[in-house]
Amino acid sequence: MMVQIQAYYEKFQFDQQKLDAWHLVLQKYSYDRVQSNLLKFVADSPHPPKISDLSQNTSSGRPIPGRFILDLSD
């Protein structure tokens, strides 16, 4: 995956230390989830991802809550 990120972002560099550090955090997530988040992320960002960008449910940040309806009819 790091090679893939490097292909998308020319300035992204990694070494064994960075690879180990990222693996330590991302290993608890499924590869498919992280890969999906990476593909969503690269479509929208000109900057390389951070670990948190790949571990989130979506790469677009916090979900926006829906409209709140207060029902006081009871």
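I will try to describe carefully the structure that is included in this document.

1. Thoughts on the nonpolar core
Counting residues in each nonpolar core, the largest one holds 10 residues, listed as Met2, Ile5, Tyr9, Phe12, Trp22, Leu26, Val34, Leu38, Phe41 and Leu54. Among the elements of the structure, helix H1 (2-8), helix H2 (16-26) and helix H3 (31-44) are those that each provide at least two residues to this core. The element best represented in this core is H3, accounting for 3 residues. Setting aside residues no more than four positions away along its own chain, leucine 38 makes contact with Met1, Gln4, Ile5, Tyr8, Pro49 and Leu54.

2. Digging into the side chain of glutamine 35
Counting through the fold element by element, glutamine 35 comes out in helix H3. On the basis of relative accessibility, which here comes to 15%, the residue glutamine 35 falls in the buried class. Of the polar contacts made by the side chain of glutamine 35, one reaches the side chain of glutamine 4; its length is 3.3 Å. Beyond its immediate stretch of four places on either side in the chain, glutamine 35 contacts Met1 and Gln4.

3. Quick notes on the packing of aromatic side chains
Summed over the entire model, instances satisfying the criterion amount to 1 aromatic pair. The interplanar angle of 75° and the centroid separation of 5.9 Å between the aromatic rings of phenylalanine 12 and tryptophan 22 together place this pair among those described as edge-to-face. Highlighted residues: phenylalanine 12 in the loop between H1 and H2 and tryptophan 22 in helix H2, separated in sequence by 10 residues. Just as phenylalanine 12 is buried, tryptophan 22 falls in that class too.

Parameters at a glance
- Residues numbered from 1 in each chain as written.
- Predicted model: local features only at pLDDT ≥ 70, side-chain atom pairs only at ≥ 80, totals over all residues.
- Heavy atoms only, no water.
- Core = buried A, V, L, I, M, F, W, Y, C linked by side-chain atoms within 4.5 Å.
- Buried < 20%, exposed > 50% of the residue type's maximum accessible area, 1.4 Å probe, protein only.
- Helix = DSSP H or I, 4+ residues; strand = E, 2+ residues; numbered from the N terminus.
- Contact = heavy atoms within 4.5 Å.
- Polar contact = N/O pair within 3.5 Å; in protein donor to acceptor, adjacent residues only side chain to side chain.
- Phe/Tyr/Trp six-rings, centres within 6.5 Å; stacked < 30°, edge-to-face > 60°.

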